[in-house]
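# Coordinate inspection notes
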Amino acid sequence: MSSTQPIELGGEYWSAQLEVFDALEAGDNDLVVFRVGYAGGKTLLGVDWIHQTAVQVPGSDNLVMAPDYQKGGPATYKTLFQRLPGENTVPAAGGDPENSPIIQDYNRNEKRLTYVNGSITRLGSADRWNRYAGSEFNAIYADEPAHYDNTNLYDLVEMLTSRQRTQQGPNVMLWTSTGAGYNQYYDITERQVNADDDPLPWADRMKVIVGDSRDNPFLPEDAREKLERQFAGTSREAQALEGGFAAPTGLVYSDFSRERHVRPTADLRERVTDWRAYGYDHGWDDPRVVLEVGKTEYDQLAILDEFYRENVEYQRAVDWLTDHDKPEGVVYSEHEPEHQRAFRSAGYRVEPATKDLDEGIPAVRDRLDWRDDPEGKPGLLVADDCVNTIREFQDYQEDEVGGAGAVDHSMDVIRYIVMAIDGESLEGGMVEIEW
């Protein structure tokens, strides 16, 4: 860059943002997370870091990711363009990024900024993150990963961090986001566990900085007061202000909580009787799901184990029962004759599941309730090893019910079992269904 005037990048930052910059520059982190409430300066920080890296590391290749291109336009990408030095740099407002003295070219079709020193910043989207598998990146910024609804964050971290092996560095990925329910973002950044609920093997290479939006001195006072009026003292305060987590609004099973309904697997197995039931769901396409359910001494249903696999044949679900010597019991199954025959051939009784949503969801809610029990015991418990079932409970939303894209496979199976058990009408046993 040749200019007689100094070019300023970025601006002033508050204490939590400065802590993030320190973590990015430390050299011993693969992933830095800035978790903060609304109006905490998340996106501004992220795009400033990308611009600074592009200028400081000539010829670098950098990536900015939004949830998808549609959501990224008015938020992430707009801020990226706004934070360029110069005037009239936002394409959506009739400007051109090439008006900035640090930008040589903006290719709208390829969604790529080229800086005058040869560095590149790509405008990416998390809905198709694997398109970047063949690239190497100096800096990666993921905006709002808690809202990457169609992206496996574990796969994303594994693939993208493996692509950060450049000579110049900094070879760091930055996430900035509020919490958004108890999803993979929560498991990674708060519980620091992997997809199997085991400790993250790379947790020592992750730095999480948490900020409270009310501590942001650049937030106008009227905006701070508005946020406090709306969220302070509510169930959303932790998420909206403190950089913590809250259950999503509109949950189907809002009563479910880890504290009340989840128990250690070994403890739960010691409490159940010999009685067993199973449920099977093959979803719209994948995954295949089988749940093993027992009963406690208080007649509580206890989900003891789960088979939850994508891209496998239905026979794998049947083999899971026999390979693990699961006790005899009824399998409440999806209405696929071929699948049902396979379970029968393995020695299990099979009954077609009752799939009614209008009756099934209230029946599960009744099981989750504890208020009418003299000792406050819920009628449904889940073993802590059943990580996929727990995640579905914590993130199954009312506007997803019955939809083709809903992640509700365990929820379907639980509904099948509860409808069968609580709808039994014969003394001492299950309803016999005519074929």
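Our subject is the structure that appears above.
The paragraphs below set out a description of the structure included in this document.

Cut-offs used in this document
- Residues numbered from 1 in each chain as written.
- Predicted model: local features only at pLDDT ≥ 70, side-chain atom pairs only at ≥ 80, totals over all residues.
- Heavy atoms only, no water.
- Helix = DSSP H or I, 4+ residues; strand = E, 2+ residues; numbered from the N terminus.
- Buried < 20%, exposed > 50% of the residue type's maximum accessible area, 1.4 Å probe, protein only.
- Contact = heavy atoms within 4.5 Å.
- Areas by Shrake-Rupley, 256 points an atom, 1.4 Å probe, with all protein chains shown as cover.
- Lys, Arg positive; Asp, Glu negative; His and termini not counted.
- Charge placed at Lys NZ, Arg CZ, Asp CG, Glu CD.
- Salt bridge = Lys/Arg side-chain N within 4 Å of Asp/Glu carboxyl O.
- Phe/Tyr/Trp six-rings, centres within 6.5 Å; stacked < 30°, edge-to-face > 60°.
- Pairing = 2+ DSSP bridges.
- Axes fitted to C-alpha atoms, helices over the stretch in contact; angles between N-to-C directions.

## Side note on the overall build of the protein
When its secondary structure is counted, the protein shows 14 helices and 15 strands. In terms of overall dimensions, the protein has a C-alpha envelope of 90 × 45 × 40 Å along the principal axes. The buried share of the protein, reckoned over its 435 residues, is 53%. Taking contacts inside the protein between residues at least 6 apart in sequence as the whole, the part at least 24 apart equals 67%. In the form shown here, the protein has an accessible surface area of approximately 20,200 Å², with 42% of it arising from carbon and sulfur atoms. A distance of 2 Å separates the average location of the 42 positive side-chain charges in the protein from that of its 81 negative side-chain charges.

## Observations concerning the pattern of salt bridges
Applying the stated criterion across every chain yields a total of 30 salt bridges. Arg35 is the salt-bridge partner of Glu190, the closest N and O atoms lying 2.9 Å from each other. Note that Glu190 is positioned in helix α5 (residues 184–191) and Arg35 in strand β1 (residues 31–36), a separation of 155 residues in sequence. Glu190 gets classed as partly exposed once you look at its relative accessible area, which sits at 41%. Among the charged side chains, a network of salt bridges with common partners joins Arg269, Arg276, Glu292, Asp305 and Lys326.

## A short note on the packing of aromatic side chains
What the rule picks out here adds up to 15 aromatic pairs. Consider the rings of Tyr182 and Tyr186, whose centres lie 4.8 Å apart with planes at 80 degrees: the pair is edge-to-face. Residue Tyr182 is classed as partly exposed on the basis of its relative accessible area of 22%. Geometrically, the ring pair formed by Phe307 and Trp320 is tilted, given 6.0 Å between the ring centres and 45 degrees between the ring planes. Residue Phe307 is found in strand β12 (residues 301–309), and its partner Trp320 is found in helix α10 (residues 314–323); the two are separated by 13 residues along the sequence.

## Observations regarding the pairing of strand β4 (residues 112–115)
Sheet analysis places strand β3 (residues 103–107) next to β4, joined by four bridges and oriented antiparallel. Looking across to β4, one finds that Ile103 is bridged to Tyr115. Here β3 hands over to β4 after four residues, with Lys111 in that stretch at a positive phi of 50 degrees. Here β4 pairs with strand β5 (residues 120–125) via three bridges, running antiparallel. The residue of β5 that forms the bridge with Arg112 is Arg122.

## Structural notes on the sheet that holds β5
Taken in spatial order, the eight strands line up as β3-β4-β5-β2-β6-β7-β1-β8 in an open sheet, and their pairing is mixed. Looking at which strands have only one partner, the edges of the open sheet turn out to be β3 and β8 (206–211). Across the sheet, the mean angle separating the axes of adjacent strands is 15 degrees when strand polarity is ignored. In the sheet, β1 pairs with β8 via six bridges, with the strands oriented parallel. Bridge pairing in β8 places Val32 opposite Lys207. Along the sheet, helix α1 (residues 15–25) makes contact with β1, β7 (172–177) and β8, crossing β8 at roughly 170 degrees. Packing against the sheet, helix α4 (residues 153–162) makes contact with β2 (61–66), β6 (139–143) and β7, and its axis sits at approximately 150 degrees to β7.

## A closer look at unusual backbone geometry
Most peptide bonds take the trans configuration, and most residues that are not glycine carry a negative phi. Put simply, Gly169 and Pro170 share a cis peptide bond, and its omega is 5 degrees. Along the chain, the position of Pro170 falls in the loop between α4 and β7. Backbone geometry places Gln192, a non-glycine residue, at a positive phi of 55 degrees. Among the secondary structure elements, Gln192 is positioned in the loop between α5 and β8. Not every positive phi belongs to a glycine, and Asn311 is a case in point at roughly 55 degrees. Looking at where Asn311 falls in the secondary structure, it is placed in the loop between β12 and α10.

## Some details on the pairing of β6
In summary, the side chains of a regular strand alternate between the two faces of the sheet. The buried fraction of β6 amounts to five of the five residues, a majority that puts the element mostly inside the structure. Burial along β6 is two-sided: Ala139, Tyr141 and Asp143 facing one way and Ile140 and Ala142 facing the other are all buried. Two elements, β2 and β6, share four bridges in a ladder whose sense is parallel. Following the sheet pairing, Val64 is matched in β6 by Tyr141. Note that β6 and β7 share five bridges and pair parallel. Paired with Tyr141 across the two strands is Leu174, which belongs to β7.

## Digging into the side chain of Arg391
Mapped onto the elements, Arg391 comes out in helix α13 (residues 387–395). Not counting residues within four places of it along the chain, the set of residues in contact with Arg391 comprises Tyr154, Asp187, Asn194 and Ala195.

## Digging into the sheet that holds strand β13 (residues 330–333)
One open sheet holds the seven strands; their spatial order is β9-β15-β12-β11-β10-β13-β14, and the pairing between them is mixed. With one partner strand each, in any of the chains shown, β9 (262–263) and β14 (349–352) form the two edges of the open sheet. Note: strand β11 (residues 288–295) against β12, eight bridges, orientation antiparallel. Bridge pairing in β12 links Gly294 to Ala302.

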